[in-house]
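# Examination of the molecular architecture
Here are the chains, one letter per residue:
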Amino acid sequence: MRIVLIGPPGAGKGTQGVRLATEIKSVHLATGDILRAESEKGTDLGKLAKQYMDKGDLVPDEVIIGVIRARLSETDNVILDGFPRTVTQAEALDNALEEIDRPLDVAIYINVDQDELVNRLIGRASRENRSDDNPETVKRRMTVYAKQSEPVLNYYRLSGRMKEVDGMGTTNEVYGRLRKALPD
Ligand code: AMP
């Protein structure tokens, strides 16, 4: 199965994606994690990405599309977390999946109230020490999400592939809803 998890920063895509991937035996492809790992290794890709990540901006489409494309053909079952974040990326994903004849099954939107998102990100900042979880960058990431990533919801909604899940409540509750949203 090919699944996309979408939602704003702090919606729980990572937490839910890791668990879902283990339980349905899929590869969890989280672009933020991939870029952070590259940055820690000090690769050219990592150095480039860090300049954008630290500001809360998106890395250029062609860069991230290249990263995902290279990994897509490695597996049949994949959960994409944090990708696509622009309509250009969503179109590129459809094209790439079409080429390998494994179309997307569903895009699941995890919907969380704005106030709750901010509280979660502040909590995460103190636990994980992520350089982009400081108040200024969080604000920028929210703005970037509203402007560049929200149109992706419509892209999937209009093509009848989007399911919406209430992301409020405990991680177990959200996980239960997520499982129900998966196609048979
Ligand atoms: P995340 O861990 O998903 O919140 O991603 C952290 C940061 O990585 C984002 O704020 C972006 O700078 C970058 N990033 C992750 N995924 C993408 C993507 N699909 N397109 C562009 N930038 C991305």
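Report on the accompanying structure.

Analysis parameters
Residues numbered from 1 in each chain as written. Predicted model: local features only at pLDDT ≥ 70, side-chain atom pairs only at ≥ 80, totals over all residues. Heavy atoms only, no water. Salt bridge = Lys/Arg side-chain N within 4 Å of Asp/Glu carboxyl O. Helix = DSSP H or I, 4+ residues; strand = E, 2+ residues; numbered from the N terminus. Buried < 20%, exposed > 50% of the residue type's maximum accessible area, 1.4 Å probe, protein only. Near = heavy atom within 4 Å. Polar contact = N/O pair within 3.5 Å; in protein donor to acceptor, adjacent residues only side chain to side chain. Areas by Shrake-Rupley, 256 points an atom, 1.4 Å probe, with all protein chains shown as cover. Nonpolar A, V, L, I, M, F, W, Y, C, P; charged D, E, K, R; others polar. Contact = heavy atoms within 4.5 Å.

Next up on the list: the pattern of salt bridges. Going through the model one piece at a time under the given rule, you end up with 12 salt bridges. Close ionic contact of Asp33 with Arg36 constitutes a salt bridge, the shortest N to O distance being 2.8 Å. In this pair, Asp33 and Arg36 are both assigned in helix α2 (residues 31-41), 3 residues apart and thus about one turn of the helix distant. The shortest N-O distance in the salt bridge between Glu99 and Arg69 comes to 3.1 Å. One end of the pair, Glu99, is in helix α5 (residues 87-99); the other, Arg69, is in helix α4 (residues 61-72), and 30 residues separate them in sequence. For Arg69, a relative accessible area of 38% translates into the label partly exposed.

Here we take up the site of the ligand. In the vicinity of the ligand there are 16 residues, among which Thr31, Arg36, Asp57, Gly82 and Arg85 approach most closely. Between Arg85 and the ligand, the recorded distance is 3.0 Å, taken from a side-chain N or O atom to a nitrogen atom. Relative to its unbound accessible area of 480 Å², the ligand is 95% covered by the protein chains. Residue composition of the shell around the ligand, grouped by class: 6 nonpolar, 4 polar and 6 charged.

Next up on the list: unusual backbone geometry. At the junction of Phe83 and Pro84, the peptide bond is cis and its omega measures out at 5° in the coordinates. Note on placement: Pro84 falls in the loop between β3 (78-81) and α5. Not every positive phi belongs to a glycine, and Lys25 is a case in point at roughly 55°. Structurally, Lys25 can be placed in the loop between α1 (13-23) and β2 (27-30). Look at Lys25 and you get exposed, because its relative accessible area is 68%. We note that Asp101 has phi near 60°; this positive angle belongs to a residue other than glycine.

Locating Asp94 in the fold gives a position in helix α5. The exposure class of Asp94 is buried, given its relative accessible area of 16%. Looking at Asp94, its side chain comes within polar contact range of the side chain of Arg161, at 2.9 Å. Sequence-distant contacts of Asp94, defined by excluding residues within four places in its chain, comprise Tyr155 and Arg161.

It is worth spelling out the environment of Val4 at this point. Relative to the helices and strands, Val4 is located in strand β1 (residues 2-6). The spacing of Val4 and Ala107 is 103 residues in sequence and 4.5 Å in space, taken between C-alpha atoms. Discounting residues that sit within four places of it in the chain, Val4 has contacts with Leu80, Phe83, Pro84, Leu93, Leu104, Val106, Ala107, Ile108 and Tyr156.

This part covers the environment of Gln89. In this structure, Gln89 sits in helix α5. Between the C-alpha atoms of Gln89 and Asp61, which are 28 residues apart in sequence, the distance is 6.4 Å. Here Gln89 is in contact with Asp61, Ile64, Ile65, Phe83 and Pro84, once residues within four sequence places are set aside.

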